[in-house]
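These are the residues of each chain, in order.
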Amino acid sequence: MGTSIALHYEVPGDDFTRAGEASADLKSRLKKLGLPSDAVRRAAIALYEGEINMVIHAGGGQIDVEIYPDCVEMTLTDEGPGIENIELAMREGYSTAPEEVRNLGFGAGMGLPNMKSYTDEFKIKSTVGKGTELFMRVGM
C-alpha cells in the first residue's frame, strides 16, 4: 500500500435501508488490504454508528476516509441541526431521536459513546444550526 488510500461516501438522509453501506464497503476494503481484524472491526462499528446518526439527526452527510499503513482516519461532516450540548450527547443512553426512529430499533443513545470507545482518537465539533464534524482515528 502506498502512502494512503482516500475514500469518499455520500450518506443519504432519512434512508435506513442504505445506512451502513459506507461502513460495509470500508470493512470489505480493509479486509482485502489484510489489515488487523480488530482494527477493521472497530473502524466499521464506529463508522456505522456515524452513518446512523447522520440519517437520524442530520438528513445525511459526507464521509471521507484515509487509510494509512498504521491507521484509518474518518471524517464525517453534515449540515444538520448541530448538537446543542455535546457533553450531554456523549452520555450513554441520552438520545434526541424521535419515537418513530426508536420504534425501528435505532436511537438508543449509544452512537456517540460507541464511536468514542471503538476509536483511538475522537473529536467532535458542532455548531447549532450549521452542522457537525466528527473525526475518528483507529490505529492498527
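Keep in mind it's a predicted model, so treat the numbers as computed, not measured.

A. Structural detail: the overall build of the chain. Scanning the chain from N- to C-terminus turns up 5 helices and 5 strands. For the chain, the sequential pattern of α-helices and β-strands runs β-α-α-β-β-α-α-α-β-β. In terms of C-alpha radius of gyration, the chain reaches 14 Å, essentially the compact-globule figure of 14 Å for 140 residues. When each of the 140 residues of the chain is scored for burial, the buried share is 41%. The contacts of the chain with a sequence gap of at least 6 include a subset with a gap of at least 24, amounting to 64%. By element, 47% of the accessible surface of the chain is carried by carbon and sulfur atoms, the whole surface being about 7400 Å². Charged side chains of the chain number 14 positive and 22 negative; the gap between the two group centres comes to 5 Å.

B. Structural view of the packing of aromatic side chains. Scanning all chains against the criterion turns up 1 aromatic pair. Judged by centre distance (4.7 Å) and plane angle (20°), the rings of Phe-16 and Phe-106 are stacked. Within this pair, whereas Phe-16 is found in the loop between β1 (5-12) and α1 (21-32), its partner Phe-106 is found in the loop between α4 (99-103) and α5 (111-117), the two being separated by 90 residues in sequence. Taking relative accessible area as the criterion, Phe-106 reaches 22% and is therefore assigned partly exposed.

C. Highlighting the pattern of salt bridges. Summed over the entire model, instances satisfying the criterion amount to 8 salt bridges. Here Glu-121 ties to Arg-137 by a salt bridge, and the two come within 3.2 Å at their closest N and O atoms. Residue Glu-121 is found in strand β4 (residues 121-127), and its partner Arg-137 is found in strand β5 (residues 131-139); the two are separated by 16 residues along the sequence. If you follow the salt bridges from partner to partner, you end up with Asp-38, Arg-41, Arg-42 and Asp-120 in one network.

D. Broad picture of the environment of Pro-81. Mapped onto the elements of the fold, Pro-81 is located in the loop between β3 (71-78) and α3 (86-89). Sequence-wise, Pro-81 and Asn-114 are 33 residues apart; in three dimensions their C-alpha atoms are separated by 21 Å. Among residues more than four places away in sequence, those in contact with Pro-81 are His-57, Ala-58, Thr-127, Val-128 and Gly-129.

E. The arrangement of the sheet that holds β1 in detail. Pairing is antiparallel in the open sheet, where 5 strands are placed in the order β1-β2-β3-β5-β4. Single-partner strands in this sheet number two, and they are β1 and β4. Between one strand axis and the next, the sheet turns through 10° on average, direction left out of account. Strand direction decides the pairing type here: strand β2 (residues 60-67) and β3, joined by 6 bridges, are antiparallel. When the sheet's bridge partners are listed, Ile-67 is paired in β3 with Val-72.

About the cut-offs
Residues numbered from 1 in each chain as written. Predicted model: local features only at pLDDT ≥ 70, side-chain atom pairs only at ≥ 80, totals over all residues. Heavy atoms only, no water. Helix = DSSP H or I, 4+ residues; strand = E, 2+ residues; numbered from the N terminus. Rg over C-alpha atoms; globule rule 2.2 N^0.38 Å. Buried < 20%, exposed > 50% of the residue type's maximum accessible area, 1.4 Å probe, protein only. Contact = heavy atoms within 4.5 Å. Areas by Shrake-Rupley, 256 points an atom, 1.4 Å probe, with all protein chains shown as cover. Lys, Arg positive; Asp, Glu negative; His and termini not counted. Charge placed at Lys NZ, Arg CZ, Asp CG, Glu CD. Phe/Tyr/Trp six-rings, centres within 6.5 Å; stacked < 30°, edge-to-face > 60°. Salt bridge = Lys/Arg side-chain N within 4 Å of Asp/Glu carboxyl O. Pairing = 2+ DSSP bridges. Axes fitted to C-alpha atoms, helices over the stretch in contact; angles between N-to-C directions.

Everything listed is a geometric property; what it means functionally is a separate question.
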